[in-house]
Every structure is written in structure tokens, then in C-alpha cells.
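Topology and contacts: notes
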Amino acid sequence: MNKQARTVHPALHTQAVVARLRKRHRRERRFRAYCIAAVGFAVLCLIFLFVDIISKGYTAFQQTAIRFEIFFDPEIIDPDGERDAEMLAEADYAALWRQPLLRAHGEVNTRALRRELYRLVSSGAAFQLQRMVANDPDLIGHKRTVWLLASDEVDMVVKGHVSRHLPEAERPVSDRQLAWLDNLAAQGLVEQQLNRRFFTNGDSREPEEAGILAALMGSVYTMVVTLMLSFPLGVATAVYLEEFAPTNRWIDLIEVNINNLAAVPSIVFGLLGLAVFLNFFDLPRSAPLVGGLVLTLMTLPTIIIASRAALKAVPPSIREAAYGLGATPMQVIQHHVLPAAMPGILTGTIIGLAQALGETAPLLMIGMVAFIVDVPQGFTDPATALPVQIFLWADSPERAFVEKTSAAIMVLLVFLIAMNALAVYLRRRWEQRW
Amino acid sequence: MIEIILVAALLCISALAYRWGRNYALAAVSGNPRKLHSLPGHYGAYVALWCAIPALVVVALWLILEPRLIDYLLVSHLPDEIKTLSSAQIDLLINDIKNLADGNILSREPDPAMQAAADHYNRWHDIGLASLAIIAFLLSASGAMCARRRIAPRFEAIYKVERLIKAFLLLGSTVAVLTTIGIVLSLLFEALRFFNRVPFWDFAFGTEWSPQTAIRDDQVGSSGAFGSIPVFAGTAMISAIAMTVAVPVGLFAAVFMSEYASTRTRSALKPVLEILAGIPTVVYGFFAALTVAPAIRDMGQSLGLDVASESALAAGMVMGIMIIPFVSSLSDDVLNAVPNGLREASYGVGATRSETILKVLLPAALPGIVGGILLAISRAIGETMIVVMAAGLAANLTANPFEAVTTVTVQIVTLLVGDQEFDSAKTLSAFALGLGLFILTLCFNIVALRMVRKYREQYE
């Protein structure tokens, strides 16, 4: 600043001017600091958000399991020895793991204590054993080492999300359970394993059994419907408006309308879907088909606006050259304009789809908030979507669902980042500057 | 399923028709395409289009009309004593008959009349499908024949085909208009049903909102008050909190990016801010509910303040963070559009950068910036997931940001998620709220878009 002050003409080099200049430059620096602070605040928010989610969620990719030596006792599973599938399905599989656990803990003799002990292991353990037998009935009568899932409360303690130093009343795990757990861990029977169930299961009331596959497939079906409808419709609209539309009031109306539609709250599209698709056309509730239809209407303006910008960027000289060679308007568009604009159109489409993939509110309106255990098999099966699953889990009271929610958010963000990266790549790789 | 096979079969036939028309045109000029008016493919496309379109239109119409027609037939064939039942009961019965016909589980024991109706239903369904298939195939065959008969070397197939494609494009572009009409009609229709039960003035100016209507008449605490003022006030408060975060931060960030940052910093910062805009709102909701709200509550407690765990402040602040990039990217564009001459003139008379920005650029860009802020406000008003997850459910008419308030979108979601009966005022009130929300955001949008457009024209 001193340097600048010295360059002032000597005649103006009075005390007052120098002081004023100093003040003005101070103000300049302060303003600049505000600007930098604003950018810093935004970036910090972003970093904090990511760190918060990742630190909450990364542990969900592992799950605590307890090792059992299970004897597939024919007396319990199949007393008649007939291997009848129905009999096998109804047997008391819980007894298979409860008995060895009881034998290892001789001091457990009352009913209440037994129940406390059993709560170390997930209530889904019996199903796991049942599935093993159903897949391979020859197991009956043999002994196997099996890792059974620990219950979500134990899992939370092992991962340190619930502190062991809390007073017992505030902990979901009792002192006795902690002692048993430590005992098992000392024998090397407790381990953190890769949580494959998170990617292969549907929703579940038990956090340790809950997975995202059903929601993910619901999202995939919804996105397929959205892509199939919104891309052709969006491109058709953009081509018509950009290449053929006469300038009249009707076309003006369409344009204003599209711009406004882009700013209509997404929940209003959900209300439209509820009133029109479900109540008027009687389409099935909770179906990816309806979800896709609603999201199509929502993303259409985005795709149209991006496609029009891409079409507008194709220089008129290309069109004129094609016309000069005798091409018809449709040939000009099909052979020259559309291929040149395609990178921009695809980029817009991908960004629109990424928006649709993260959208939750309209799906709530059309009933895609169901508790879905089975992976949907088609476009009309009841389904939910990944963001809706996040919403549902975030509402669950169990502590273990916080970790699942964060992990599901991480999966969703990975998809979104991948889509946006693809869009950026397309833009960099194929975009032409005329 | 069968319908999909039918459509696929029709498309295959059209592909064959394409080859047929193309080869026929070529044969007509003994294999010399130069004697044809259009390219051989255009003749093929002409035949294929005539083959596919009428048949597909019939299939589409049938898919829309068939369920209604069959319901009507079912009802008219039911025994007379059933026809005296209420329409809801008849709907239930029809549902059961359909389940019986599909072999699904019923809500009651089937009686012979239902069994007969289910058999009828299956037969009608089969007859309908068979006749649809026959009609569709006949139409596609005759369409292809007629089109083929018109093919001649001088036939201007290309114009016909292009006119059809153009009609398709026009049809596609009406979808956006139809969407708007659909939104307006569906909201208006359901809202009018609501205003039949609850007077409009009670809704518009009532200060009590508790939409739980009584199931029994003697129930306590279920008055069913539908005064929307507290709900809209909650929306206004949360949006205002969001804007107090988003406007200064977004505006300063935009100024930094357009006026201070080097090209490299700018190209690194812009995508980072765009990530903030690309994060799904449900993620912000989770962040607000589980991280920000408890933090604010604890902070308030340590200061001796009584902060609700679903305070408006938490939801509003997180919403503000979400909106920062909208404000910043729109303002950035607007600032960039200010002609460089203005900047240089200002520097030329000795102004510092901040003086140039504050006294020249911002006034020049004001309409555009205000437009952008209006768009951001409309975004905040319509934002749903953050408030559903982090704001309250009870409608408090308060100006204290530490208390829990509810918003229009929260109420719509809570009223419509889960089981609903479509003739209760409670369910219908969601549509009235939706209509209010739509009109409000529409006004903001129209004004904002007009301002932004006017501003652009000014400097073009």
C-alpha cells in the first residue's frame, strides 16, 4: 500500500489524501476478506458434510460376527429323517446355536438370564442356519464352523459407536452381556467381517440384516423408466422448439411454461402423480413405473433446456452447408445437427437423471415408502428407492441404523459422483468449439 | 405381459414392412435408386409407419379404456341387491373379484355369485385380449398394404415421412404443457373438493392448524382445524433463515469468483460449489436432523437458551447451505454479463476493486441478482426433505427461531404418506396446501424469470 501511496502525484501528497487512501485500501482488503470467507465457509460446509457422513457410515461395511461350532443335529432339524422340505423349514434352528452357547456359559440358569445371553446374537441367525440347510440338506448330522451375526447392540459396542463407559441404564447392552462378549472376544470368537448383507439384502427391522439391494433395484427400475421416456421426449421437444417452431404466441407459451416447470417444487410433481397416475389412471401404488413417470415429468424441463442450448450452439453454417447439398430439414437435423449437439444433450440428460436419482419427495407421494424386503422383480412390483430408503432408515430409532443410513448415503453419493463425472468426461471429450 | 409381447410383435412386423416397402420401391425402378423421387429407405419408413402407428394407437387406447370397460361390465352383471351398496363397497367387491380371478388372496369368502363374476371377468379379459390382437394385426397389415399400394417412383415418400416425424416432435413438445395443465387441474380439482367441506376463508385466514379429524364424533382433541396461516408462517420463517445464510455467502462467493479469483481458482471452485447443489436433499435432511440440530440444541443449552430439538434454526441453516450454490452461480453469471467497459471506466477514475463492485457492478447487475434470489426463495419454499426430517410437525405460530415450526411441504408429506382415504378433509387439505405452494412459487418464478430475462436483454 505504501508503494501505491508513493506513486501519487507530489502535489496531491498531502496528509488527508494519504489517510483517505489508506482507509480505502483497508476497506478493499476487508471486502476481499469477506469474499474469501464466504467461499471458505461454503467449502468448509461441504468438507464437514462429507467428513460427518463418512465418519458415521464407514463402519457399516463391516459387521460383527461370532464364531460357532454348529452341530446340525438331526434330532432337532429332522427327527423323522425324511428330509421333507416343509419339515426342514419349520424346525427350531435357533436351538442349534443356543445350545452350544448355553453349554459354554454354565452359570446361566434362569430364563431371564438365558434371554439376555441370546440377545448377543442376531435374531436372524436362525434364518441363516435354515438357509444353509435348505441349500445343502447333507449338512444334517455334521458339524460346521459358522459365523453368526452379532445383534446390532453388540455390534454398536464393538465398533465403539456406543461407549462401554456409559452407566448401564443408558446402554443397550448390560454389564453381564459385556462380560460375556469380552469373554468370547478373548477366545478369538468375535470378529469384524465384510458386511456382504448390506449389498445383497433388502430392508429389515433388524439393522444387522438390513441391506440396500431392494432399494437400489427399485431406483434402477425407476431410472430406466425415466430415461426411456424423458430422453426421447426431451430431445423431441428441444428439436421442435429449436428447429421447427414458428414464432407465435403458442410457442412462447410453451417456452415460458418449460422454464416455469423447471422451478416447480418437486413435491408438486408428486401430488400430480398421486392425483393423475394413481387416482385417475389406477396405476399400481409404490411401483417403479409410476415413480419413473413422475420423475420423467420432473426431469423433462432440465433435459429440454440443456438440449436446446446444445442445439443452439451448433453453428448455422453447418445447417446451411447441408441445405446447400439438397438435404431436407429432417436430414439436416438427423445427419448433422443432432450428432454435433449430442454430447451436450447427453450431458444434460445425465445431469437430469442424477437429479432424479437423488429425488425423494415426489416418491413419498406415490407410496414408494413401503417397507420392502424382497428385491422387486419388475416395473410394477412394490418398490422403494435409494433416497427413500435413506429417509426411512434415518427415521428408525435404533442406533445401528444411523450407520446404515450414512453408508446408504455414501453409496448414493458414489452413484451421483460417477454420473456427474461421466457428464464432465463427455463434455471434455466430445464438446466441439466452433 | 401379453401386451408387451403384442407391442414387440407389432414392432417386428413394422420392421418387416420397412424391408418390404424398400424392396418394392427398388423393384419398381428395377433396382436403380436414381429413378426414385426419395431414397429407398423413405419408402420403407413410409410403409413401416403406416403399419405401426394405427395398430399402436389402438393398443394404447385399449390399455387405457379396458379396465374401465370391464369394471362397468362387472358391475352391470352383478345381482341387483349388490347394486344398492355404496360405491366404496362395490369397489371393494370388484377388487375381490379381480383377486379371485387372478388367484390371489381375498378379504372374504368367495360366494357363488363372486365366482361367477370372476369367471365372467376372466372370459371378458381373454375375449378382449384376443380381439385386440386380431384388430391390431389386421390394422397393421391393412395399413402396410394401403401404404405399399401408393408407392410409385414419383411418390414423394420423404415429405410424407418428414411431416409425420414433425408431427411427433410437436406432440412431444406438448407434454410439458400437458404437465402444467395436469398439475393445475389436479390441484384445483382436489382443492375445490376440500373447500366444499372447509370454507375457503377458514383455510386462508385461520390461525389454527390441526388436521386430525375425528373418526368418532365424541373423540377428544380432534377438532380438525384447517387454518393455514401458521403453516405458511413456518415456511416463511425457515425460508427467511435459509436466505440469511445463503444470500450473503452466495453473493460474496459469486463476487469472489467473478472479480477476484484467477481463472484457475475459479475453475477449481466452481465444481466444488456445484457439488453442494448436487447433493440430494435427503442427505441434507439427515445432516440437519442428526448433526446440526443436536449441535444447536447443545449450544443453546450451554448458553441457557431453551432450544427445541427440531428448531427452525437447524432446518433453515442447512437449507441455506443447500441454496448457496443457486445464489452464487446465478449471481456469478449475472456479474459476468456486466460489460467490461463499466469495470474499466471505474478503474480508470481510480476506484478500488471493492468500490467498483459495490458502486458500479452490483447496481448494474441488481435486477439479475434479485431475480436469482427470488428463484432461490422459491426453491426454499418448495424444499421438502430437509424440513420433513429436521423441522417439526406441530403448527406453532411463533417468531422464535429456536422453537419447532412446521412448513407447507412437511404437512403435505405427513398428510399423504401412509393410508389415506380420498374423501376426508384431512387428505384433501394436502392438495389445498399444494395449490397454495404452487401458486406462491409460480409467482416468484414468473417475476424472477422476467427480471433475469429483462436484465440479459439490457446488456446483449
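Please read all numbers here as calculations on a predicted model, not as lab measurements.

**Considerations on the overall build of chain B**
On a plain count of helices and strands, chain B comes out with 16 helices and two strands. Against the globule reference of 23 Å for 460 residues, chain B gives a C-alpha radius of gyration of 31 Å, more extended than a compact globule. Projected onto its principal axes, the C-alpha positions of chain B cover 80 × 80 × 35 Å. Counting over 460 residues, chain B shows a buried share of 42%.

**A look at the overall build of chain A**
Secondary structure summary: chain A contains 19 helices and three strands in total. Taken over C-alpha atoms, the radius of gyration comes to 31 Å for chain A, far larger than the 22 Å a tight globule of 434 residues would show. Projected onto its principal axes, the C-alpha coordinates of chain A cover approximately 95 × 75 × 40 Å. Across the 434 residues that make up chain A, the buried fraction comes to 41%. When contacts within chain A are restricted to residue pairs at least 6 apart in sequence, long-range pairs at least 24 apart make up 76% of them.

**Some points on the interface of chain A and chain B**
Taken together, the 68 residues of chain A in the interface contact 68 residues of chain B. Residues of the side of chain A that touches chain B, tallied by class, amount to 50 nonpolar, 12 polar and six charged.

**Quick look at the domain arrangement of chain B**
According to the domain assignment, chain B contains domain 1 (2-155) and domain 2 (223-459). With centres defined by C-alpha atoms, the gap from domain 1 of chain B to domain 2 of chain B works out at 49 Å.

**Section: the sheet that holds strand 1 (residues 62-71) of chain A**
Residues and elements named next belong to chain A. Within the open sheet, the three strands sit side by side as 2-1-3. Their pairing is antiparallel. Edge strands, defined here as strands with exactly one partner in the open sheet, are strand 2 (143-149) and strand 3 (190-194). Strand-to-strand twist in this sheet, taken as the mean axis angle between neighbours without regard to direction, amounts to 45°. Sheet topology places strand 1 next to strand 3; five bridges connect them, and they run antiparallel. Opposite Ala65, over in strand 3, you have Glu191 as the bridge partner. Contacts from helix 5 (residues 94-104) reach strand 1 and strand 2, with the element oriented near 85° to strand 1.

**Some remarks on the domain arrangement of chain A**
Residues and elements named next belong to chain A. Looking at chain A, the domain boundaries give domain 1 (2-58), domain 2 (61-197) and domain 3 (213-430). If you average the C-alpha positions of domain 2 and of domain 3, the two centres end up 45 Å apart. Facing the six residues of domain 2 at the interface are five residues of domain 3. When the residues that make up the side of domain 2 that touches domain 3 are grouped by side-chain class, the tally is three nonpolar, one polar and two charged.

**Side note on the nonpolar core**
Across soluble globular proteins, nonpolar side chains show a tendency to be buried alongside one another. Residues and elements named next belong to chain B. Ranked by size, the top nonpolar core spans 189 residues in total, and within it Ala253, Ala288, Ala315, Val318, Ile386 and Ala390 carry the most contacts. For this core, the element with the most residues is helix 8 (residues 229-260), which contributes 18 residues. With near-sequence residues (within four places) excluded, Ala390 lies in contact with Gly285, Ala288, Ala289, Ala293, Glu310, Ala314, Ala315 and Val318.

**Notes on helix 9 (residues 175-186) of chain A**
Residue and element names in this part refer to chain A. Taking 1.5 Å as the rise per residue, helix 9 with 12 residues should run 16 Å; its terminal C-alpha atoms sit 16 Å apart, in good agreement. Within the span of helix 9, buried status applies to Gln177, Trp180 and Leu181. Summarising the axial view, the buried residues of helix 9 lie within an arc of 100°, below the 170-degree limit, and thus occupy one face. In this structure, helix 9 carries Asp175, Ala179, Asp182 and Ala186 as exposed residues pointing more than 90 degrees from its buried face. Elements in contact with the buried residues of helix 9: helix 6 (111-118), helix 8 (152-159) and strand 3. Taken from the residues just after helix 9, Gly188 is the one with a positive phi, measuring 75°.

**Side note on the pairing of strand 1 of chain A**
Within a regular beta strand, the side chains point alternately toward one face of the sheet and then the other, so they alternate between its two faces. Bridge count between strand 1 of chain A and strand 2 of chain A: seven bridges; the pairing is antiparallel. Within the sheet, the bridge partner assigned to Ala65 of chain A lies in strand 2 of chain A and is Leu149 of chain A.

**Overview of unusual backbone geometry**
Backbone geometry places Ser286 of chain A, a non-glycine residue, at a positive phi of 60°. Counting through the fold element by element, Ser286 of chain A comes out in the loop between helix 13 (266-280) and helix 14 (288-312). Within the chain, Ser30 of chain B stands out as a residue other than glycine whose phi angle is a positive 45°. As for its placement among the helices and strands, Ser30 of chain B is situated in the loop between helix 1 (2-28) and helix 2 (40-77).

Quick notes on the rules
- Residues numbered from 1 in each chain as written.
- Chains lettered and ligands numbered in written order.
- Predicted model: local features only at pLDDT ≥ 70, side-chain atom pairs only at ≥ 80, totals over all residues.
- Helix = DSSP H or I, 4+ residues; strand = E, 2+ residues; numbered from the N terminus.
- Rg over C-alpha atoms; globule rule 2.2 N^0.38 Å.
- Buried ≥ 20, exposed ≤ 12 C-beta atoms within 10 Å, placed from the backbone.
- Contact = placed C-beta atoms within 7 Å.
- Nonpolar A, V, L, I, M, F, W, Y, C, P; charged D, E, K, R; others polar.
- Domains from an automatic or database assignment.
- Pairing = 2+ DSSP bridges.
- Axes fitted to C-alpha atoms, helices over the stretch in contact; angles between N-to-C directions.
- Core = buried A, V, L, I, M, F, W, Y, C linked by C-beta atoms within 7 Å.
- Expected span 1.5 Å × (residues − 1).
- Arc of directions from axis to C-beta.

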